Amino acid sequence: MTTVRDARPPTGTGSTGTRALGAVALVLLVLTIVYGLIISPPDRLLGETIRIIYMHVPTVLAAYAAFIVTAVSSAMYLWKRTEFWDLLGASAAEIGVLFFGVTIIVGAFWGKITWGVFWRWEPRLTTSAVLLLMYIGYLAVRAVPADTRTRATRSAIIGLVAVVNIPIVHFAVDWWRGLHQGRTVLSTIDPEMAGTQLFAMYLSMAAGIVVFVWLLLHRFRVAFLTERVEETGLDEAIAQRRAEGVSS
């Protein structure tokens, strides 16, 4: 596999840019908490439960973004066969599974309050479970012992197949009748959501995306440095074995 050999490869996970981005993410998170929990009023129909949406929507949006990055990276890897795209796709997938897991957990609390149960096998939840399992499968394939090129190729194929489920999950409430609330912000604005509620929603979405980008930068650098450590260890082992052969 062709490796990334930049003129200035990362020597750590942080930089001036990531620290600045982290500061922006922190500010957006604090503002989201203030607007979502304090300033924004209860909803006319949903009451205080609307505050759950301020966490539910940004996490699913960040998960979708992560899975799309994985798909694009998978396609680029199959074309270019470079380590950069393989590691970027894997890093995004890990973060996407994290965010989507939080989405399902938060949604379960919403379901308990709204439906009286944490889970129902209705269209949106069922397709969401399938999507999560596919990306867990992606990560599981990467954990199976294999040479790096084979591992990257297998996971890239899964990354391209799994992303097809995103529109299925997103449009499930339109294609099939179910209990899940219809789409509001990500397609057409709900006329009942306006003012500070709508501002809090968009603020939370911006926070989710910025946090995702910040995490992706750090996770990619960790993956890159891990590969370099493994390469160094292998080179040292080969050199040691050759030295033993010469001495014998």
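Because the structure is a prediction, the values reported are computed rather than measured.

Participant: Go over unusual backbone geometry, please, and point to the residues and values.
Facilitator: Here the phi dihedral of Arg81 falls at roughly 60°; this positive angle occurs in a residue that is not glycine. Structurally, the position occupied by Arg81 is in the loop between helix H2 (50-80) and helix H3 (83-114). Of the residues examined, Arg81 reaches a relative accessible area of 24% and is grouped as partly exposed.

Participant: If you had to explain the environment of Ile52 to someone new, which residues and values would you point to?
Facilitator: Relative to the assigned elements, Ile52 resides in helix H2. Here Ile52 falls in the buried class, since its relative accessible area comes to 19%. Expressed as a C-alpha distance, the spacing of Ile52 and Trp110, which sit 58 residues apart in the sequence, is 6.9 Å. With near-sequence residues (within four places) excluded, Ile52 lies in contact with Val106, Trp110 and Ile113.

Participant: Tell me about a nonpolar patch on the surface, residues and numbers included.
Facilitator: On the surface, Leu26, Val30, Ile33, Val34, Leu37, Ile38 and Ile39 cluster together into a nonpolar patch covering about 650 Å² of accessible area. Structurally, Ile33 can be placed in helix H1 (residues 16-39).

Participant: An account of the packing of aromatic side chains is needed here, citing residue identities and associated values.
Facilitator: Enumeration over the complete set of coordinates arrives at seven aromatic pairs. Note on Phe67 and Phe100: the rings are 6.1 Å apart at their centroids and 65° apart in plane angle, and the pair reads as edge-to-face. Taken together, the residues Phe67 in helix H2 and Phe100 in helix H3 connect sequence positions 33 residues apart. Judged by relative accessible area, Phe67 falls into the buried class, the value being 0%. One aromatic cluster is present, formed by Phe67, Phe100 and Tyr135 through successive ring pairs. Directly above the ring of Trp79 sits Lys80, whose terminal nitrogen or CZ lies 4.0 Å from the centroid.

Participant: Can you break down the nonpolar core residue by residue, with the values?
Facilitator: Grouped together as the largest cluster of nonpolar side chains are 33 residues, with contacts concentrated most on Tyr64, Phe67, Phe99, Phe100, Leu131, Tyr135 and Phe212. Listing elements by their share of this core, those giving two or more residues are H1, H2, H3, helix H4 (123-143), helix H6 (165-175) and helix H7 (195-247). Broken down by element, this core gets its largest block of residues, nine residues, from H7. Apart from residues lying up to four places away in sequence, Phe67 is in contact with Ala93, Gly96, Val97, Phe100, Leu131, Tyr135, Val163 and Ile166.

Participant: Talk me through the packing of H2 against H3; I want residue IDs and the actual numbers.
Facilitator: Put simply, H2 and H3 touch, their axes get as near as 7 Å, and they point 155° apart. Between H2 and H3, the interaxial angle falls into the category roughly antiparallel. Viewed along their axes, H2 and H3 form a crossing whose handedness is left-handed. Residues that form the contact of H2 with H3 fall into these classes: 24 nonpolar, eight polar and two charged.

Participant: Go over helix H5 (residues 148-162) with me, naming the residues and quoting the values.
Facilitator: Taking 1.5 Å per residue, 15 residues should reach 21 Å; H5 reaches 21 Å between its end C-alpha atoms and fits that length. Among the residues of H5, Arg151, Ala152, Ser155, Ala156, Gly159 and Ala162 are the ones counted as buried. Looking down the long axis of H5, one finds its buried residues gathered within 130° of arc, a one-sided arrangement. Where H5 begins, the capping side chain belongs to Asp147, and its oxygen is found 3.2 Å from the backbone nitrogen of Arg149.

Participant: For H1, give the residues involved together with the corresponding values.
Facilitator: Over its 24 residues, H1 extends 33 Å from the first C-alpha to the last, a length consistent with the 34 Å expected when each residue adds 1.5 Å. For H1, every residue scored as buried is listed here: Thr18, Gly22, Ala25, Leu28, Thr32 and Gly36.

Participant: Can you break down the packing of H2 against H4 residue by residue, with the values?
Facilitator: Orientation of H2 relative to H4, taken along the N-to-C sense of each, is 45°, at an axis distance of 13 Å. It follows from the interaxial angle that H2 and H4 lie oblique. Here H2 runs over H4; the crossing is left-handed. Contacts from Tyr64, Phe67 and Thr70 in H2 reach Leu131, Tyr135 and Tyr138 in H4. When its residues are assigned to classes, the contact of H2 with H4 shows five nonpolar, one polar and no charged.

Participant: Could you give me a rundown of the confidence of the model for the chain, with the residues and numbers involved?
Facilitator: Of the residues in the chain, 81% have a pLDDT of 70 or more, and the chain-wide mean is 84. Confidence over residues 2-7 falls short of pLDDT 50; this stretch has 11 contacts with residues more than four positions distant or in other chains. The low-confidence segment residues 184-191, where pLDDT is below 50, has 12 contacts with residues more than four positions distant or belonging to other chains.

Thresholds, definitions, all that
- Residues numbered from 1 in each chain as written.
- Predicted model: local features only at pLDDT ≥ 70, side-chain atom pairs only at ≥ 80, totals over all residues.
- Heavy atoms only, no water.
- Helix = DSSP H or I, 4+ residues; strand = E, 2+ residues; numbered from the N terminus.
- Buried < 20%, exposed > 50% of the residue type's maximum accessible area, 1.4 Å probe, protein only.
- Contact = heavy atoms within 4.5 Å.
- Patch = residues over 30% accessible without salt bridge, like charges linked within 9 Å, V, L, I, M, F, W, Y side chains within 5 Å.
- Areas by Shrake-Rupley, 256 points an atom, 1.4 Å probe, with all protein chains shown as cover.
- Salt bridge = Lys/Arg side-chain N within 4 Å of Asp/Glu carboxyl O.
- Phe/Tyr/Trp six-rings, centres within 6.5 Å; stacked < 30°, edge-to-face > 60°.
- Lys NZ or Arg CZ within 6 Å of the ring centre and 35° of its normal.
- Core = buried A, V, L, I, M, F, W, Y, C linked by side-chain atoms within 4.5 Å.
- Axes fitted to C-alpha atoms, helices over the stretch in contact; angles between N-to-C directions.
- Parallel < 35°, antiparallel > 145°, perpendicular 65-115°, else oblique.
- Left-handed = near helix turned anticlockwise from the far one by under 90°.
- Nonpolar A, V, L, I, M, F, W, Y, C, P; charged D, E, K, R; others polar.
- Expected span 1.5 Å × (residues − 1).
- Arc of directions from axis to C-beta.
- Polar contact = N/O pair within 3.5 Å; in protein donor to acceptor, adjacent residues only side chain to side chain.
- pLDDT = per-residue confidence, 0-100.

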